[in-house]
Amino acid sequence: MPFKISPISTNIPMISTTGTQLSFRGLTFAPTPKKTVLDNISGSFHSGRLTAIIGPSGSGKSSLLNALSGFGPKSLQGSILVNNEELGQQNYRKLVAYNTQEATLLPNLTVEETLEYAVELRTRSTAAEKRKIVDEIISVLALQKSAHSQARVLSGGGQKRLSIGQDLISNPKILLFDEPTSGLDSESSYQIMSHLKELTKQDRCVISVIHQPSSDLLELYDDLYVVYDGRCMYRGSLQDLIPWYESAGIVCPQYYNRADFVIKLTSENNPHRSKVLELINQMQSENLQEQPSALSTKANLSGRQYPTSWLHQFVTLTRRTVLGTVRNNALFVLRFAGLIAFGLTLGFIFHDIGDDAAKTISNTSNLALTLSSLTFVNAAAQIISFPTEAAVFIREYRANCYSVAAYFFSKLSADFFPMMIGNSALFGITYFLTGQPIETERILKSALIQLLSGWFGQLLGIIGGCLFSLQVATFFVPSALLAMLLFSGFFIHFSELNVVLRPLIYVSPFSYGFKGILDAVYGFNRTELTCHVESDCVYRTGEQVLHMLDMQGIEYWTELCKGEKPFSRQVMTEPPSSINDDDDDPNSGAKFTRSGTS
Ligand SMILES: Nc1ncnc2c1ncn2[C@@H]1O[C@H](COP(=O)(O)OP(=O)(O)OP(=O)(O)O)[C@@H](O)[C@H]1O
């Protein structure tokens with residue numbers, strides 16, 4: 001191979017101890033009574049050595065690696081030890097980096113920015129030291145030419161190298177890679193594996209699952225761990241593989257790829273099958289009896305859980321999310337263009353009806369529609385953008401970069417500003433085009449309600465994105481919002497609803513949002529609405545409009561802050577003061593001529 005391995009500089013954080021042994025004892029994972037993915041499997045991996053986990057497809061390689069990441073399935077049994085000590089997940093996270101098959105990167109950040117943020121989140125060094133680390137990693141992983149390219153335009157190999165580069169910053173003793181060469185050509189695969197080989201020279205324990213390695217690639221490995229049917233088939237140095245089988249009478253043909261040879265032994269048609277199964281049993285019991293390591297790790301694990309403070313995590317994550325959002329042209333531009341177009345459409349449809357006494361019902365619909373559309377749009381934006389970020393979050397959380405709380409609050413606040421601008425655009429356009437009252441207090445109160453509705457949409461989008469896959473979330477979140485909308489008290493009033501369903505109005509955020517905005521627009525002793533045709537003006541004052549909606553007597557700040565009074569909670573027993581005794585007259589609507597008068 002013409003590729004020359006770059007020397008690794010000492011600016012990348014180095015491990016201070018000598019020797020790490022990652023061992024696992026009796027790992028068993030049986031997701032169903034009939035399926036055993038890992039079957040009492042044991043073994044150990046050593047620092048300074050590059051180990052390949054190989055085996056036939058479906059044998060349990062990725063499951064083993066996932067278990068070793070410390071975030072295996074709940075039903076996983078057995079123990080994982082570092083230098084013969086069980087560390088617990090919190091401490092284990094500090095030592096291990098797990099690089100999954102897909103390079104999990106934020107697509108809109110450049111190589112340099114990705115590494116800069118990774119350094120910010122993973123080290124406490126000075127600005128100059130951080131700069132040095134970034135430059136070193138770019139140089140070591142041969143990313144100089146693409147340093148200013150966004151991750152999404154990198155080649156598969158470039159993305160993998162960048163992904164590995166992030167892991168190097170946190171100085172992990174143990175590096176786990178799931179098929180780091182998948183999808184790469186032979187040259188790029190060799191480059192990646194050469195880098196991994198270099199890492200072992202820094203006394204790191206590097207383990208990678210690899211699928212059918214070529215002879216060239218295999219030569220880079222020191223040790224092999226062969227998995228078959230969830231059990232260990234061979235464990236030891238690459239050099240000892242052939243002699244081990246030869247001693248049992250199984251000979252590898254000359255010039256044969258050793259990885260192919262061992263995988264072929266698992267075939268059911270293999271003439272040595274019974275011997276192979278016997279050897280597997282022997283290997284399984286030998287692994288269980290392995291002597292524990294005399295090395296110690298605990299002394300290096302003292303100190304805080306995360307490399308940086310909560311505030312630093314929050315600020316760094318917020319900056320990173322803002323940058324990623326602004327760079328996401330498709331989502332950013334579409335979202336704003338969509339909101340402005342929708343605002344103009346609403347403004348056109350409901351043009352200048354805000355002060356028209358004959359069109360109050362249409363205007364209340366306009367206000368409710370604007371509010372609910374803001375909630376929907378912001379929820380959708382989160383669902384669409386979250387899956388990419390979720391993969392990055394999971395990876396960084398596993399790598400002990402930050403707390404869940406720091407991430408969650410940074411996400412909420414980082415998305416708040418784009419949301420605020422978008423919501424304000426839609427709100428401003430509809431508010432003015434539809435002729436709502438131009439009074440500072442009413443505008444500010446309405447704007448605040450709109451912002452909170454948008455924020456609620458974001459929150460629901462994030463929760464839906466966290467809990468469900470994209471397919472489920474895109475169904476679940478709109479359905480949940482529609483249910484909340486149905487029980488907002490706007491479409492069917494509280495007093496008209498089946499008593500069993502009435503409590504739902506108390507939990508629907510829309511009921512408080514609608515009340516808030518209607519009160520902001522029609523409450524606070526609004527002056528009389530304009531009436532062009534006397535007989536059409538049923539509701540002339542804000543008080544009458546609120547009475548029509550069973551909303552008389554609500555308080556804006558109560559709806560906003562406490563949400564104590566659900567929509568239409570009070571069923572009218574008496575007409576409001578503005579509606580006189582004549583209101584049982586079918587024609588009385590025309591008589592609602594003055595607030596407080598008949
Ligand atoms: N949570 C689970 N529930 C049910 N079956 C599972 C689960 N996880 C893994 N399996 C099954 O266990 C087997 C081993 O899966 P695993 O992905 O570990 O294999 P692998 O050796 O990495 O395969 P490949 O080389 O094809 O990626 C597969 O048959 C898989 O379907």
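None of the values given here were measured: they were computed from a predicted structure.

The rules behind the values
- Residues numbered from 1 in each chain as written.
- Predicted model: local features only at pLDDT ≥ 70, side-chain atom pairs only at ≥ 80, totals over all residues.
- Pairing = 2+ DSSP bridges.
- Helix = DSSP H or I, 4+ residues; strand = E, 2+ residues; numbered from the N terminus.
- Axes fitted to C-alpha atoms, helices over the stretch in contact; angles between N-to-C directions.
- Contact = placed C-beta atoms within 7 Å.
- Near = placed C-beta within 6 Å.
- Nonpolar A, V, L, I, M, F, W, Y, C, P; charged D, E, K, R; others polar.
- UniProt positions renumbered as here; feature names shortened; annotations may be inferred.
- Expected span 1.5 Å × (residues − 1).
- Buried ≥ 20, exposed ≤ 12 C-beta atoms within 10 Å, placed from the backbone.
- Arc of directions from axis to C-beta.
- Core = buried A, V, L, I, M, F, W, Y, C linked by C-beta atoms within 7 Å.

Considering the sheet that holds strand β5 (residues 96–99)
Item 1. Overall, mixed pairing links the 6 strands, which are arranged β5-β6-β7-β3-β8-β9 in an open sheet. Each having just a single partner strand, β5 and β9 (231–237) make up the two edges of the open sheet. Within this sheet the neighbouring strands show an average axis-to-axis angle of 15°, counted without direction.
Item 2. Helix α8 (residues 238–247) rests against β8 (223–228) and β9 of the sheet, and its axis sits at about 120° to β9.

A short note on the site of the ligand
Item 1. The environment of the ligand is formed by 13 residues, the closest being Pro 31, Ser 57, Lys 61, Ser 62 and Ser 63.
Item 2. Split into classes, the residues belonging to the shell around the ligand amount to 3 nonpolar, 8 polar and 2 charged.

What about the UniProt feature "transmembrane region" (unreviewed entry) in the chain?
Item 1. UniProt feature "transmembrane region" (unreviewed entry): in the numbering of this structure it lies at residues 329–350, 416–435, 447–470 and 476–494.
Item 2. With 92% helix and 0% strand, the stretch residues 447–470 has end C-alpha atoms that lie 31 Å from each other.
Item 3. As a span, residues 476–494 carries 58% helix and 0% strand, and end to end its C-alpha atoms are 25 Å apart.

A look at helix α10 (residues 273–288)
Item 1. The terminal C-alpha atoms of α10 lie 23 Å apart, and with 16 residues this matches the ideal 22 Å at 1.5 Å per residue to within 8%.
Item 2. For α10, every residue scored as buried is listed here: Val 276, Met 283 and Asn 287. Down the axis of α10, the buried set is contained in an arc of 30°. They therefore lie on one face. In α10, the exposed positions angled more than 90 degrees off the buried face are occupied by Ser 274, Glu 278, Asn 281, Gln 282 and Ser 285.
Item 3. Where the residues of α10 are buried, they touch β2 (38–46) and β9.

With respect to the sheet that holds β2
Item 1. On the basis of which strands lie adjacent, the open sheet formed by 3 strands has the order β2-β1-β4 and antiparallel pairing. Each end of this open sheet is capped by a strand with a single partner; those strands are β2 and β4 (77–82). Each adjacent strand pair in this sheet contributes to an overall mean axis angle of 5°, direction not counted.
Item 2. Pairing of strand β1 (residues 21–29) with β2, which is carried by 6 bridges, proceeds in the antiparallel orientation. Looking across to β2, one finds that Leu 22 is bridged to Phe 45.
Item 3. Sheet contacts for helix α1 (residues 61–68): β1, β2 and β4; angle to β1, the most-contacted strand, approximately 120°.

Some details on the nonpolar core
Item 1. Membership of the largest hydrophobic core comes to 85 residues, with the highest contact counts inside it found for Ile 53, Ile 137, Leu 176 and Val 226.
Item 2. Among the elements that take part in this core, helix α3 (residues 111–122) stands out by supplying 6 residues, more than any other.
Item 3. Those residues in contact with Ile 53, other than ones at most four positions away along the chain, are Lys 61, Leu 64, Leu 65, Ile 207, Val 209, Tyr 225 and Val 227.
Item 4. In terms of nonpolar packing, the next biggest core, distinct from the first, is built from 41 residues, Leu 367, Ala 381, Ala 473 and Leu 485 among them.

Here we look at the environment of Arg 49
Item 1. Within the secondary structure, Arg 49 sits in the loop between β2 and β3 (50–54).
Item 2. Looking at Arg 49, the number of C-beta atoms within 10 Å reads 16, which means it is partly exposed.
Item 3. Measuring from C-alpha to C-alpha, the distance between Arg 49 and Arg 204 comes to 7.7 Å, with 155 residues separating the pair along the chain.
Item 4. Beyond its immediate sequence surroundings of up to four residues, Arg 49 is in contact with Thr 200, Asp 222 and Asp 223.

So, α1
Item 1. Of all 8 residues in α1, 7 are buried; the element is thus mostly enclosed.
Item 2. Of the residues making up α1, those classed as buried are Lys 61, Ser 63, Leu 64, Leu 65, Asn 66, Ala 67 and Leu 68.
Item 3. Looking one or two residues past α1, Gly 70 carries a phi angle of roughly 90°, positive in sign.

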